[in-house]
Amino acid sequence: MEAASLSGGNGSPTARAKELFRNQRKDSESSVDFPNVEFEYGDSDTIVAELSELYSYTEEPEFAINRDCFEEDFAIHGKGRKWVEMEETEHKTYLMRLLDGLDVINREKRLKFARAILYLAQGVFEDCYTEPEVVHWARYNVFLLYEMGTFGALVELLNMEIDNSQACSSSLRKPAISLADSTELRVLLNIMYLMMEIMRREVEDDKPEWSLARDGFRNELSSPVYNGEPFAILLFSLVNKFCCGNAPHCPIKKVLLLLWKTILFCLGGFEELQELKMEKREQLGLPALAENSIEVMRTLRAASPPASAMDLLEQQQRRGRRGRRVLVKQDSLDIYCERDEPREEDDEADDVDGGIEGELDSLERETLAQPLASPRLPPDRVFFPRCLPWTPKVREKDIEEFLEVSRCKFIGFTLGNDTDTLVGLPRPIHESVKTLKQHKYISIAEVQAKREEELQKSPVSLGAEKVEQTPIEVQYQGMLYNLPQYMIALLKIQLAAAPTSKAKTDSINILADVLPEEMPITVLQSMKLGIDVNRHKEIIVKAISALMLLLLKHLKLNHIYQFEYVSQHLVFANCIPLILKFFNQNIMSYITAKNSIAVLDYPHCVIHELPELTTEALEAGDHNQFCWRNLFSCINLLRILNKLTKWKHSRTMMLVVFKSAPILKRVLRAKQAIMQLYALKLLKIQTKYMGRQWRKSNMKTMS
């Protein structure tokens with residue numbers, strides 16, 4: 001469908017639109033001097049940005065349809081008054097009427113009532129004059145909808161639509177699936193997402209009853225009250241059904257956004273994770289954490305990557321022209337070591353595509369059969385920190401390995417796991433062991449693994465382990481049976497949405513909820529659709545990366561073996577080469593992509609009159625320094641890659657085999673501290689597997 005819609009001759013509007021996009025990409029790729037990126041990493045973006053990403057630009061005419069459906073019914077029962085002028089009791093009375101309308105047999109009438117409810121959740125924008133006013137009324141209406149029991153009714157309707165075989169078979173018979181095939185599903189998912197996103201956010205002026213409603217909603221979503229399983233499992237099954245081809249009309253972007261926000265709401269974000277970690281360490285009798293790693297990373301400043309060999313040679317030539325004779329010592333070593341580096345990177349980058357592409361083909365064909373910011377500083381001011389930004393962590397195994405090497409060198413034999421006996425070792429080794437023990441860190445995972453070993457050794461005397469039914473435990477138990485299929489489904493969608501993926505006939509169609517019924521016929525329409533499609537893919541990548549990271553972090557905290565089981569299935573489904581393939585592009589071009597049209601974003605588009613769009617305005621894009629969602633996705637994917645490969649020899653070797661070093665070094669060009677940190681971590685863990693020449697050439701990068 002995508003290929004058919006975006007094809008055309010050299011003189012066609014689509015071809016000219018493609019040429020404009022190509023020129024824009026070349027301009028961004030040719031830029032070398034990248035400024036520091038002022039980015040604040042968190043669980044999600046602002047509420048306005050998160051709500052606007054729910055809708056594609058193709059859906060823009062449906063705002064008016066929702067309003068008309070509401071006003072047509074409200075004109076009869078509102079007695080000429082506006083919604084914002086009525087009392088709360090009158091609001092509840094009218095909402096009861098709308099909820100009764102959801103039970104009618106006639107499908108078209110039921111859809112009209114659902115659209116009227118969606119208009120209320122969107123903030124009755126016809127009665128508002130500013131964007132904050134729309135968000136205020138959307139918040140009020142959403143809590144009112146939850147109080148009246150709307151969410152349970154929506155879940156029942158969603159189950160009906162999922163089981164609707166007629167809609168599925170009709171979409172399968174069509175040569176191309178478009179926005180019209182998923183109207184009912186989109187309306188229901190829109191209401192549920194608005195309720196989820198608005199209710200999960202705490203605001204200072206929240207009413208006391210709203211806080212109680214939020215807690216009740218969280219407990220409801222976390223409990224197995226929807227057909228005996230949590231709500232997130234219903235969404236996971238819908239994602240799996242879509243990937244299997246049984247629901248091709250499913251608006252997958254909305255499902256993934258709703259699934260991500262459900263997990264975020266039920267389990268908690270980074271701050272809640274830190275609190276849970278501290279509580280768990282206290283329960284296990286472990287020392288408290290010295291600092292919050294996310295807070296520490298937010299204070300870091302980005303570093304400029306080392307200059308290339310060409311830049312260093314140009315500096316030497318400029319010095320020579322000034323007439324100054326400079327004795328070149330250590331710098332010349334760096335030049336000679338780095339002289340072949342750019343060529344080597346280019347050659348390796350060419351090889352990477354082939355290796356990763358071949359590995360990812362199995363994801364397309366075979367995996368379904370598996371069983372399984374701070375103020376900007378002037379560039380001339382250089383600060384040398386007096387200490388490390390965070391406390392070093394030393395494992396027991398690190399001390400054992402250090403002593404084993406030292407004993408073999410100075411004594412000639414080892415003492416196994418004994419870390420206390422230092423007889424025969426020189427004084428500096430004693431001091432080193434003392435320093436290591438001062439920074440010894442016992443993780444929750446080590447305690448959990450040790451506990452499992454004890455349970456296996458003495459199952460009778462220790463008895464059965466009591467498992468607390470926490471939200472993540474209930475979630476994991478619900479996912480366990482179909483966990484391999486869920487992970488494969490997420491990665492298949494991630495592969496289809498990656499900007500480096502090539503269109504294939506057997507790949508899944510993720511554009512069902514963005515392509516209009518009638519294809520564009522002008523340059524302007526083609527450009528608008530092109531921006532919409534790219535934005536659609538970026539949002540999907542953002543949702544999947546955030547969802548997978550949250551699941552991995554919560555599972556690792558709940559029990560290390562749950563985390564290892566999920567990680568194993570991600571690795572089996574080629575998650576590592578998929579992420580490397582994602583980063584095998586001009587990453588600065590991706591971070592600074594301008595695939596958005598501000599005047600068409602909700603709620604701006606429902607408050608202000610839309611200006612006449614021009615190709616020049618679309619080509620210029622917005623004036624933001626970077627794209628928040630793309631930078632957020634990149635950091636999430638790097639963190640996932642770190643979690644999968646940390647302390648795993650075989651998985652680290654996969655990074656080496658797929659030649660990830662030049663890819664990760666290109667990531668360092670983005671001057672964002674958190675992103676650089678995780679890229680450097682990935683380079684660090686594979687350093688010992690690289691050759692001596694590579695280590696010499698990349699000394700500056702690693703230091």
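As the structure is a computational prediction, the values presented were derived from the model and not from experiment.

Some points on the nonpolar core
Phase 1 of the analysis: Of all hydrophobic cores here, the largest spans 179 residues; its most connected members are Phe151, Phe231, Ile493, Ile510, Phe583 and Met675.
Phase 2 of the analysis: Here this core takes 16 residues from helix H25 (residues 523–558), the largest share from any one element.

What about the packing of aromatic side chains?
Phase 1 of the analysis: Going through the model one piece at a time under the given rule, you end up with 28 aromatic pairs.
Phase 2 of the analysis: Note on tyrosine 55 and phenylalanine 63: the rings are 4.9 Å apart at their centroids and 65° apart in plane angle, and the pair reads as edge-to-face.
Phase 3 of the analysis: On the basis of relative accessibility, which here comes to 6%, the residue phenylalanine 63 falls in the buried class.
Phase 4 of the analysis: Their ring planes at 75° and their centres at 4.9 Å tell us that phenylalanine 151 and phenylalanine 217 sit as a pair that is edge-to-face. In this pair, phenylalanine 151 sits in helix H8 (residues 150–162) while phenylalanine 217 sits in helix H11 (residues 208–222), placing the two residues 66 residues apart along the sequence.
Phase 5 of the analysis: Looking at phenylalanine 151, the relative accessible area reads 1%, which means it is buried.
Phase 6 of the analysis: Residue class for phenylalanine 217 comes out buried when judged on its relative accessible area of 0%.

A word on the pattern of salt bridges
Phase 1 of the analysis: Counting across every chain of the model gives 30 salt bridges.
Phase 2 of the analysis: Close ionic contact of glutamate 161 with arginine 107 constitutes a salt bridge, the shortest N to O distance being 3.0 Å. With a gap of 54 residues between them, glutamate 161 in helix H8 and arginine 107 in helix H6 (residues 107–121) connect regions that are remote in the sequence.
Phase 3 of the analysis: Each of Glu50, Glu53, Glu197, Arg200, Arg201, Lys261, Glu538, Lys542 and Arg629 takes part in one network of salt bridges that share partners.

A few points about helix H4 (residues 62–77)
Phase 1 of the analysis: Across its 16 residues, H4 extends 23 Å between first and last C-alpha, which sits within 8% of the 22 Å expected from 1.5 Å per residue.
Phase 2 of the analysis: Along H4, the residues classified as buried are Glu62, Phe63, Asn66, Cys69, Phe70, Asp73 and Phe74.
Phase 3 of the analysis: Each element contacted by the buried residues of H4 is listed here: helix H5 (88–101), H6, helix H10 (183–200) and helix H29 (604–607).
Phase 4 of the analysis: Backbone geometry just after H4 places lysine 79 at a positive phi near 55°.

Some points on unusual backbone geometry
Only a minority of non-glycine residues have a phi that is not negative, and only a minority of peptide bonds are not trans.
Phase 1 of the analysis: Cis geometry marks the peptide bond from tyrosine 602 to proline 603, where omega comes out at 5°.
Phase 2 of the analysis: Structurally, proline 603 is set in the loop between helix H28 (587–591) and H29.
Phase 3 of the analysis: Phi angles above zero are rare outside glycine, and valine 124 is one such case at about 35°.
Phase 4 of the analysis: Along the chain, the position of valine 124 falls in the loop between H6 and helix H7 (131–147).
Phase 5 of the analysis: Judged by relative accessible area, valine 124 falls into the buried class, the value being 0%.

What about a negative patch on the surface?
Phase 1 of the analysis: There is a patch of like negative charges on the surface, built from Glu202, Glu271, Glu272, Glu275, Glu279 and Glu282.
Phase 2 of the analysis: Positionally, glutamate 275 belongs in helix H14 (residues 270–283).

Re empty space enclosed by the protein
Phase 1 of the analysis: Taken as a whole, the largest cavity holds about 100 Å³ of empty space.
Phase 2 of the analysis: For the lining of the largest cavity, the secondary-structure elements that each account for two or more residues are H6, H8 and H10.
Phase 3 of the analysis: The dominant element in the lining of the largest cavity, judged by the number of residues it contributes, is H6, at four residues.
Phase 4 of the analysis: When grouped by side-chain class, the residues that make up the lining of the largest cavity number four nonpolar, no polar and four charged.

A short note on the side chain of arginine 281
Phase 1 of the analysis: Positionally, arginine 281 belongs in helix H14.
Phase 2 of the analysis: A distance of 3.2 Å separates the side chain of arginine 281 from the side chain of tyrosine 441, its partner in a polar contact.
Phase 3 of the analysis: Contact partners of arginine 281, with chain neighbours within four places excluded, come to Leu286, Pro287, Leu289, Tyr441, Ile442, Ser443 and Ile444.

Here's the deal with the environment of leucine 111
Phase 1 of the analysis: As for its placement among the helices and strands, leucine 111 is situated in helix H6.
Phase 2 of the analysis: Leucine 111 sits 45 residues away from asparagine 66 along the chain, and the two C-alpha atoms are 10.0 Å apart.
Phase 3 of the analysis: The contact partners of leucine 111, leaving out residues within four places of it in the chain, are Thr183, Glu184 and Val187.

Some thoughts on the packing of H6 against H7
A pair of packed helices can be characterised by two numbers: the angle between their axes and the separation between those axes.
Phase 1 of the analysis: Orientation of H6 relative to H7, taken along the N-to-C sense of each, is 130°, at an axis distance of 7 Å. In terms of their interaxial angle, H6 and H7 are classed as oblique. For the pair formed by H6 and H7, the contact residues are Ile117, Leu120 and Ala121 on the first element and Trp137, Ala138, Asn141, Val142 and Leu145 on the second.
Phase 2 of the analysis: Residues that form the contact of H6 with H7 fall into these classes: seven nonpolar, one polar and no charged.

Things to note about the side chain of serine 545
Phase 1 of the analysis: Its location among the elements puts serine 545 in helix H25.
Phase 2 of the analysis: A polar contact of 3.0 Å, which involves the side chain of serine 545, links it to the backbone oxygen of lysine 542.
Phase 3 of the analysis: Non-local contacts of serine 545, meaning those with residues more than four positions away in its chain, are made with Ser633, Asn636, Leu637 and Ile640.

So, the packing of H25 against helix H26 (residues 560–572)
Phase 1 of the analysis: Packing of H25 against H26 leaves a shortest axis separation of 5 Å and a crossing angle of 145°. Along the contact surface, H25 presents Met548, Leu552, Leu555, Lys556 and Asn558, while H26 presents Ile560, Gln562, Phe563, Val566, Ser567 and Leu570.
Phase 2 of the analysis: Considering only residue class, the contact of H25 with H26 consists of seven nonpolar, three polar and one charged.

Quick notes on the confidence of the model for the protein chain
Phase 1 of the analysis: The predicted model of the protein chain averages 84 in pLDDT, with 83% of residues at 70 or higher.
Phase 2 of the analysis: This stretch, residues 323–346, has a pLDDT under 50; its non-local contacts, to residues over four places away or in other chains, come to 26 contacts.

A look at a positive patch on the surface
Phase 1 of the analysis: Taken together, the side chains of Lys393, Lys646, Lys681 and Lys684 define a basic patch exposed on the protein surface.
Phase 2 of the analysis: Topologically, lysine 646 is positioned in the loop between helix H31 (628–645) and helix H32 (649–657).

Let's talk about the environment of alanine 489
Phase 1 of the analysis: Looking at the element boundaries, alanine 489 is found in helix H24 (residues 483–497).
Phase 2 of the analysis: When its relative accessible area of 2% is taken as the criterion, alanine 489 is described as buried.
Phase 3 of the analysis: For the pair formed by alanine 489 and alanine 573, sequence separation is 84 residues and the distance between their alpha carbons is 9.6 Å.

How each quantity is defined
- Residues numbered from 1 in each chain as written.
- Predicted model: local features only at pLDDT ≥ 70, side-chain atom pairs only at ≥ 80, totals over all residues.
- Heavy atoms only, no water.
- Core = buried A, V, L, I, M, F, W, Y, C linked by side-chain atoms within 4.5 Å.
- Buried < 20%, exposed > 50% of the residue type's maximum accessible area, 1.4 Å probe, protein only.
- Helix = DSSP H or I, 4+ residues; strand = E, 2+ residues; numbered from the N terminus.
- Phe/Tyr/Trp six-rings, centres within 6.5 Å; stacked < 30°, edge-to-face > 60°.
- Salt bridge = Lys/Arg side-chain N within 4 Å of Asp/Glu carboxyl O.
- Expected span 1.5 Å × (residues − 1).
- Contact = heavy atoms within 4.5 Å.
- Patch = residues over 30% accessible without salt bridge, like charges linked within 9 Å, V, L, I, M, F, W, Y side chains within 5 Å.
- Areas by Shrake-Rupley, 256 points an atom, 1.4 Å probe, with all protein chains shown as cover.
- Lys, Arg positive; Asp, Glu negative; His and termini not counted.
- Charge placed at Lys NZ, Arg CZ, Asp CG, Glu CD.
- 1 Å grid on protein atoms, 1.4 Å probe; cavity = no way out; pocket = protein on both sides within 12 Å on 5 of 7 lines; lining within 4 Å.
- Points joined across faces, edges and corners; volume = space filled by probe spheres on them.
- Nonpolar A, V, L, I, M, F, W, Y, C, P; charged D, E, K, R; others polar.
- Polar contact = N/O pair within 3.5 Å; in protein donor to acceptor, adjacent residues only side chain to side chain.
- Axes fitted to C-alpha atoms, helices over the stretch in contact; angles between N-to-C directions.
- Parallel < 35°, antiparallel > 145°, perpendicular 65-115°, else oblique.
- pLDDT = per-residue confidence, 0-100.

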